[in-house]
Amino acid sequence: MRERHCADARYLWNLAVEQFGYGERKERGTTCRPAPGPAARQRQLAEARQEFEWLRGGSSSVQQQALRDFDRAAQACFQGYAGEPRWRKRGQSEGFCIRDTRVVVYSRTWAHIAVPKLGWVKFKVSRALPVDRLGMARITCNSSGRWHVSFPAPQPLVADAGRTGRSLGIDRGVATTIATSDGQMFRAPTMRKREQAKLARLEQEKSRRRKGSARRRAVGGRIGALHQSVADRRRDWVEKISTRLAANYDFVAVEELHINHMVKRPKPQPDQENPGQYLPNGAAAKAGLNKSIYANCWGMFARRLEQKMKACGTTLVAVSARYSSQQCRKCGHTAKENRESQAVFFCVACGHGDHADHNAAHVILARARPARTPGPGATPQGVGTARCAHESENSGWAA
């Protein structure tokens, strides 16, 4: 029945996307009658449940909540907080939401939750449940086939480990995930050599299996479990590092990176001399760089650090990253020649030498300091302006 709830939620979401008219209508430039509103969609669902028995066999609360989730996504898109709602695919966007949650806790480790048309389902408690009314619960399934239930709750406070007004600048990179202005360097976990060899064997085995066969699906599940174990290590690393920084610093500055733009594929380069042919555009090298950017969890780290610092009442500021790796933190001279290599920085003007990532972290902190104590007409040093990054909503607690 869990798979049935996921299928119903996915079907109604995709139907709402189709009614909303994203994609094809926008590309063709045609005009159609406006899409139905939230109340009209709920009314259409009630009429469809009366007409189709297969739809009536599912849970009405799960189906109604899927449309409410789409309404929130569409509203966030209109307000500029998120992109356009996309199609959900089977095996990639599996999950559903239940309302009026009933949970019975039996011990510190195990509890039961009531799922519509399924009854009481046992789950393992990974952290303390919210003290207030639970309200809603979201049940999801990842690529490895593991099911999770999460409850909305405010981000808890991070214990003070001796902030005392300390400030920190953070530079994010590919070779070194995080470099700080006080000399620390952190690297996100990567896939181990043994796991890489195992992944290569599984990919070869998958290529030998017939498409659509049960054995191919089984191998795909093993590949998903391997990737999920690596993702779990990275998520654990992000939580630990963000908690450590939030507990030790009152003011943190990060570079404002538009990651979605940074990982775009390069455009094809047509060969003017040979029509129909294309010149090399570095797509293979860019694909490797994009993979490294995703593996370093830049977005997840910034989001979790922002949420934890907001809960603690401390400040996180995002500043422009333009030329931060080429600007000297001593004299402010900016030149491409200052960056000798990925790790070596040597200013051609004043002769200052430093690790390139540490120098960039100091530059980022210097640009953000005016935002901490603003004066009349004050702007951060360097290029661009600083903005406070405390704009995200409270995160959900997973159990």
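Conventions we followed
- Residues numbered from 1 in each chain as written.
- Predicted model: local features only at pLDDT ≥ 70, side-chain atom pairs only at ≥ 80, totals over all residues.
- Heavy atoms only, no water.
- Helix = DSSP H or I, 4+ residues; strand = E, 2+ residues; numbered from the N terminus.
- Expected span 1.5 Å × (residues − 1).
- Pairing = 2+ DSSP bridges.
- Axes fitted to C-alpha atoms, helices over the stretch in contact; angles between N-to-C directions.
- Phe/Tyr/Trp six-rings, centres within 6.5 Å; stacked < 30°, edge-to-face > 60°.
- Lys NZ or Arg CZ within 6 Å of the ring centre and 35° of its normal.
- Patch = residues over 30% accessible without salt bridge, like charges linked within 9 Å, V, L, I, M, F, W, Y side chains within 5 Å.
- Areas by Shrake-Rupley, 256 points an atom, 1.4 Å probe, with all protein chains shown as cover.
- Salt bridge = Lys/Arg side-chain N within 4 Å of Asp/Glu carboxyl O.
- Buried < 20%, exposed > 50% of the residue type's maximum accessible area, 1.4 Å probe, protein only.
- pLDDT = per-residue confidence, 0-100.
- Contact = heavy atoms within 4.5 Å.

Engineer: For this particular structure, what's the right way to read helix H5 (residues 60–78)?
Structural biologist: Note on helix geometry: an α-helix contains 3.6 residues per turn, so any two residues three or four positions apart are oriented the same way. Its 19 residues place the ends of H5 27 Å apart at the C-alpha level, agreeing with the 27 Å of an ideal helix rising 1.5 Å per residue. Count one or two residues on from H5 and you reach Gly80, which has phi positive near 85°.

Engineer: So what exactly am I meant to see when it comes to the sheet that holds strand S2 (residues 103–105) here?
Structural biologist: Where strands meet in a sheet, backbone hydrogen bonds hold them as pairs that are either parallel or antiparallel. Taken in spatial order, the 3 strands make up an open sheet running S2-S3-S4, and their pairing is antiparallel. In the strand order of this sheet, the two ends are held by S2 and strand S4 (119–124), each with one partner. Strand-to-strand, the axes of this sheet are offset by a mean angle of 25°, without reference to chain direction. With 3 bridges connecting them, S2 and strand S3 (residues 110–115) associate as antiparallel partners. Considered in S3, the bridge of Val105 is made with Ala111.

Engineer: Honestly, the packing of aromatic side chains in this entry has me stumped. Any pointers?
Structural biologist: For any pair of aromatic rings, the description consists of the separation of the ring centres together with the inter-plane angle of the planes. Per the counting criterion, the structure on display carries 4 aromatic pairs. Taking 5.4 Å as the distance between ring centres and 85° as the angle between the ring planes, the aromatic pair formed by Trp13 and Phe70 counts as edge-to-face. In this pair, Trp13 sits in helix H1 (residues 2–20) while Phe70 sits in helix H5, placing the two residues 57 residues apart along the sequence. Above the ring of Trp13, the side-chain terminus of Arg88 is found at 3.9 Å from the ring centroid. Directly above the ring of Trp110 sits Lys122, whose terminal nitrogen or CZ lies 4.6 Å from the centroid.

Engineer: Explanation requested: a nonpolar patch on the surface in the structure shown.
Structural biologist: On the surface, a cluster of nonpolar side chains totalling about 380 Å² of accessible area is made up of Tyr11, Leu15, Phe52 and Trp54. Topologically, Leu15 is positioned in helix H1. Overall, Leu15 belongs to the partly exposed group, its relative accessible area being 32%.

Engineer: Which parts of the structure should I look at to understand the confidence of the model for the protein chain?
Structural biologist: Note that predicted coordinates carrying low pLDDT should not be read in detail. Predicted confidence across the protein chain gives a mean pLDDT of 82, with 89% of residues reaching 70 or more. Strand S17 (residues 396–398) is the least confidently modelled element of the protein chain, averaging 41 in pLDDT, while helix H6 (residues 193–208) averages 94, the highest of any element. Confidence over residues 22–29 falls short of pLDDT 50; this stretch has 12 contacts with residues more than four positions distant or in other chains. Per-residue pLDDT stays below 50 along residues 374–385; that stretch engages in 19 contacts with residues further than four places along the chain or on separate chains.

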